[in-house]
Amino acid sequence: MHSTITQFEITLPAMPRGFHLVTARLMRLMPPLPRTGLVNIFVKHTGCGLAINENCDPDVRTDMQTVFDSLVKENDPRYRHTLEGPDDMPSHVKSVLVGASLSIPITDGHLNLGTWQGIYFCEFRNHGGPRSLVVTVIG
C-alpha cells in the first residue's frame, strides 16, 4: 500500500483577537481527503495558535479568551520583549500554551473529530493580520 503526501498553504484573513471556530472554512479549502490517513495543520506565526475544542456553544470560545487573558496578563513590568506593544509578549506565551500545530486522523474520507470537537484558530494579537497555515495530508 502506498501513501501519498499532499501539502499546501491556506491564508486565513485577519481575525480579531479571540478563539475562532474554523473547521468548516478549512474543510472548504482542502482537496478531497483520502479514505484513511492524517492531516497536520501548522500555523507559521508566533502570536497565534491552533486547538481542538467545543464546536457548539460559542460561550466556550468567549470563556477561553477570559481564561487566557487572566492567566497571561498584558503590561506585566517583568516583560522585556515589549517593542511591538502590550499584546506581543503575552501572545507568544499563549501560543506556546496552545501550540502551533494539530494532527487529526482521517477516517472514511473525513476528519475523525469527536461530535463536539472543532478546530479553533486562536488569535492572541489585537491586530495579527492574515495568517498562513501549512496543511499536510498523508494518506
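Residues numbered from 1 in each chain as written. Predicted model: local features only at pLDDT ≥ 70, side-chain atom pairs only at ≥ 80, totals over all residues. Heavy atoms only, no water.

Per an unreviewed UniProt entry, the recorded name for the protein is Secondary thiamine-phosphate synthase enzyme, and the organism is Segatella buccae ATCC 33574. Recorded in UniProt for the protein, the comment headed Sequence similarities (unreviewed entry) runs: "Belongs to the UPF0047 family." (UniProt positions renumbered as here; feature names shortened; annotations may be inferred.)

Enquirer: Looking at this structure, I do not really get the overall build of the protein. What am I missing?
Expert: In terms of helices and strands, the protein carries three helices and eight strands. Element order for the protein, N to C, with α for helix and β for strand: β-β-α-β-β-α-α-β-β-β-β. Counting over 139 residues, the protein shows a buried share of 40%. Considering only residue pairs separated by 6 or more positions, the protein has 81% of its internal contacts joining residues 24 or more positions apart. (Helix = DSSP H or I, 4+ residues; strand = E, 2+ residues; numbered from the N terminus. Buried < 20%, exposed > 50% of the residue type's maximum accessible area, 1.4 Å probe, protein only. Contact = heavy atoms within 4.5 Å.)

Enquirer: Before we go on, may I ask you to explain the side chain of Thr23 in this structure?
Expert: Mapped onto the fold, Thr23 is located in helix α1 (residues 23-29). On the basis of relative accessible area, Thr23 is assigned to the buried category, the value being 16%. At 2.6 Å, the side chain of Thr23 forms a polar contact with the backbone nitrogen of Ile119. In contact with Thr23, not counting residues within four places along its chain, are Leu113, Gly118 and Ile119. (Polar contact = N/O pair within 3.5 Å; in protein donor to acceptor, adjacent residues only side chain to side chain.)

Enquirer: Hey, could you run me through the sheet that holds strand β5 (residues 101-107) in this one?
Expert: In any sheet, the strands associate via hydrogen bonds between backbone groups, in a parallel or an antiparallel arrangement. Sheet architecture is open: five strands sit in the order β1-β8-β3-β5-β6, paired in antiparallel fashion. Single-partner strands in this sheet number two, and they are β1 (5-12) and β6 (110-111). The pairing of strand β3 (residues 36-43) with β5 spans seven bridges and is antiparallel. If you follow Thr36 over to β5, its bridge partner there is Thr107. (Pairing = 2+ DSSP bridges.)

Enquirer: Please clarify how the side chain of Gln65 should be interpreted in this entry.
Expert: Structurally, Gln65 can be placed in helix α2 (residues 58-71). According to the relative accessible area criterion, Gln65 is buried, its value standing at 15%. A distance of 3.4 Å separates the side chain of Gln65 from the backbone nitrogen of Gly18, its partner in a polar contact. Each residue touching Gln65, except ones within four places of it in the same chain, is listed here: Arg17, Gly18 and Phe19.

Enquirer: Can you help me understand the pattern of salt bridges in this one?
Expert: A pair can form between side chains of opposite charge whenever their charged atoms are brought close. One pass over the full model with this rule turns up ten salt bridges. Residues Arg17 and Asp69 are paired through a salt bridge, measuring 2.9 Å at the closest nitrogen-oxygen approach. Taken together, the residues span a long stretch of sequence, with Arg17 in the loop between β1 and β2 (18-21) and Asp69 in helix α2 at a distance of 52 residues. Since its relative accessible area comes to 22%, Arg17 is described here as partly exposed. A relative accessible area of 26% means that Asp69 is categorised as partly exposed. (Salt bridge = Lys/Arg side-chain N within 4 Å of Asp/Glu carboxyl O.)

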